[in-house]
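# Observations on the three-dimensional arrangement
These are the residues of each chain, in order.
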Amino acid sequence: MLDRRQFLFAAAGCPVAASPLLSAIAAPGSENGAAAARSDPRLLGWAGPLADRLDHPALTIEGRLPPGLQGVLRRNGPAVHDRHGFRYGHWFEGDGMLQEFRFAGGGVSHRGRVLMTPKLRREDAAGRRLYTVFATPVEDAAPVRRPDDVNVANVSVLDHHGELLALWEGGSASIVARDSLDWAGFKSWGHGLEGLPFTAHPKVEADGTVWAFGYVLGEKPVLLLYHIGPDGRLVKARPVHVAPLGMVHDFVVTRRHLVIVIPPLVHEHGRAGTFLDSHVWRPELGSRALVVSKDDFDDRRWAQLPAGFGFHHGNGWEDAGGVIRFDHCVAADPRIVTDSLRDVMRGRLSPAAPDHYTRFALFPDGRTRIEEEGGPAEFPRIADRLTGLRNRYVYMLAGAGDPNWLLPSVAKRDLERGTEESFTFAAGILPEEHVFVPSPDARAEDDGWLVGTVLAHERGVSGITVFDARRIADGPLAYGWLPYPLPRAFHGQFSAA
Ligand SMILES: [Fe+2]
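Quick look at the structure, then. Predicted model, so just to flag it, every value in this text is computed and none were measured. Starting afresh in each chain, residues are numbered from 1 along the sequence in its written order. Reporting of local features is limited, given that this is a predicted model, to residues whose pLDDT is at least 70; pairs of side-chain atoms are given and counted only at 80 or more, and all residues count toward the totals for whole chains, interfaces and linings. Heavy atoms throughout the structure, all of them, feed into the side-chain values; hydrogens and water do not.

We count a stretch as a helix when DSSP gives it H or I for four or more residues in a row; a strand needs E for two or more, and each element gets its number in order from the N terminus. Note that A272 resides in the loop between strand 18 (265-267) and strand 19 (279-281). Sequence spacing of A272 and N76 is 196 residues, and the spatial spacing of their C-alpha atoms is 31 Å.

Rendered as structure tokens:
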């Protein structure tokens, strides 16, 4: 079990106090999201929700919902950008809001709930923003003593072994009450692990086994590795010292290994400014892939990759010869997170180096190779049952948008044939992540549906779309429309109930 003393420095990884210079640059509160959206309707995705609680009993369906599609799509993302007269200056900071679309009885209903984390409740009680979360300095900020003091629970969801979790990455996962969608406590995976970071991208294998990691930045940065059983109980956890280290958002599992790609946007301990500002782009380091044995977290090796900055992987697998292959949506530099996702909060859609769909091979002798480079792509998803196993298809947002990180298409890539088909939405509709849902009688890998959300910004409403995953280019089988817009969000999971 972990020695808790090893993590006494955890708070060093938390956001630090503001400098006057940064306050001037960020200009928080200078404009709210609703005002920005009047100048460019696409900014409606960053305006925040109409209310903390949203309910709509029946979306307006266009087309035909497949009768076999029954269950719940839950999504999470930053939502509360403006509160108490203060607007956050980076997309990643908004307090999380869980959206639930329930497919049942031939229709779709919606519930949305802002997650009332301890952080948000303390701020509401104080009547002001209290904390510098990630990139926006808050004047007279309260001290951040532990990561969960600023936990906004805003990245993804995990429905595992009957427990519904809202995931962040800077601190604990949050337990969410399934019936009410109320925030219900921080998740601890075991004694000594309370309050330690847990990724928003845990990997759940077909048998329910969960692999995860967290990062703790500070004087002695650490990656924390988790192995959780199908029964939800911790099997093992292990801290691994990795330097230099910075934000790491996603990773890959194969049959025998975990692969964690560490981009050269590294944290400099003691550097002034916000958490984001304490990261420095050092491309001379390249990207480094840490390969860890699932059986023994002490069995580790490194592989060197070209410098790049990416958030997401679709999948990885390993062949009989020990060659590991995985994909990564990766950009030439980190401007998306350092610049563009700040600009969007100030009402400016600025371009960034686009993420490209890229496939890497890691050979047992240490060599690495880029095997495929595709076009702009983000939010890759696969048939979840193939996590860590060879997949043929990956589904993602794609296409060159304006700006180039607002991708206008949903695409399906066939890794065996090297082909891609896609559907580009009409002007005025922007898609978000789409997840693959297998049909009840699925035989082929792509027997099922692709389900996701869209923002019809010119009409001022959000909706869901359902594609036949075998025929993406044909466009959605059905749309379902809400009478209100939702904040643009990150990730979701489809569950049976
Ligand atoms: Fe993500």
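Note: metal donors comprise N, O and S atoms at 2.8 Å or less from the metal (3.2 Å for Na, K and Ca); water molecules are not included, so apparent gaps in a site are possible. Ligation of the iron ion by protein atoms is provided by H201 (NE2), H249 (NE2), H312 (NE2) and H491 (NE2), these donors lying 2.0 to 2.1 Å from the ion. Taken together, the four donor atoms coordinating the iron ion and their angles of 92 to 159 degrees define a geometry best described as irregular. Mapped onto the polypeptide sequence, the residues donating to the iron ion form the spacing pattern H-x47-H-x62-H-x178-H. Placement of the pair is H201 in the loop between strand 11 (183-186) and strand 12 (203-204) and H249 in the loop between strand 15 (234-241) and strand 16 (252-253), with a sequence separation of 48 residues. Take H201 and H249: they sit in the same class, and that class is buried. Here the metal geometry follows the donor angles, with tetrahedral for four donors whose angles all fall between 85 and 135 degrees, square planar for four and octahedral for six when opposite donors are more than 155 degrees apart and every other angle is between 65 and 115, and irregular for all the rest. Burial classes: relative accessible area under 20% of the type maximum marks a residue as buried, over 50% as exposed, and values in between as partly exposed (1.4 Å probe, protein chains only).

As a further point, take the side chain of T199. Structurally, T199 can be placed in the loop between strand 11 and strand 12. Of note is the side chain of T199, whose polar atom sits 2.8 Å from the backbone nitrogen of H201. At 3.5 Å, the side chain of T199 and the backbone oxygen of H249 are in polar contact. Any two residues whose heavy atoms approach within 4.5 Å are treated as being in contact. Residues contacting T199, with those up to four places away along its chain left out, are L167, W168, E169, A212, F213 and H249. By the criterion applied in these results, polar contacts are pairs of N or O atoms within 3.5 Å in which, for protein atoms, one can donate a hydrogen and the other can accept it, and in which residues neighboring in sequence qualify only through two side-chain atoms.

Further remarks concern unusual backbone geometry. Here the bond from A243 into P244 is cis, since omega is -10 degrees, no more than 30 degrees from zero. Phi is positive for D140, which is not a glycine, with a value near 50 degrees. Mapped onto the secondary structure, D140 falls in the loop between helix 3 (118-126) and strand 8 (156-160). Phi is positive for F379, which is not a glycine, with a value near 50 degrees.

We now examine the sheet that holds strand 34 (residues 491-495). Here, a strand pair is defined by DSSP locating no fewer than two bridges between the strands. Pairing is antiparallel in the open sheet, where five strands are placed in the order 1-7-6-3-34. Every other strand in the sheet has two partners, leaving strand 1 (53-56) and strand 34 as the edge strands with one partner each. With strand direction ignored, the average angle separating the axes of adjacent strands in the sheet is 15 degrees. As defined by bridge partners, strand 6 (residues 95-104) adjoins strand 7 (residues 107-114) across eight bridges and the pair is classed as antiparallel. Bridged to F103 within strand 7 is V108. Axis definition: a line fitted to C-alpha atoms, over the contacting stretch in the case of helices. Angles run 0 to 180 degrees between N-to-C directions.

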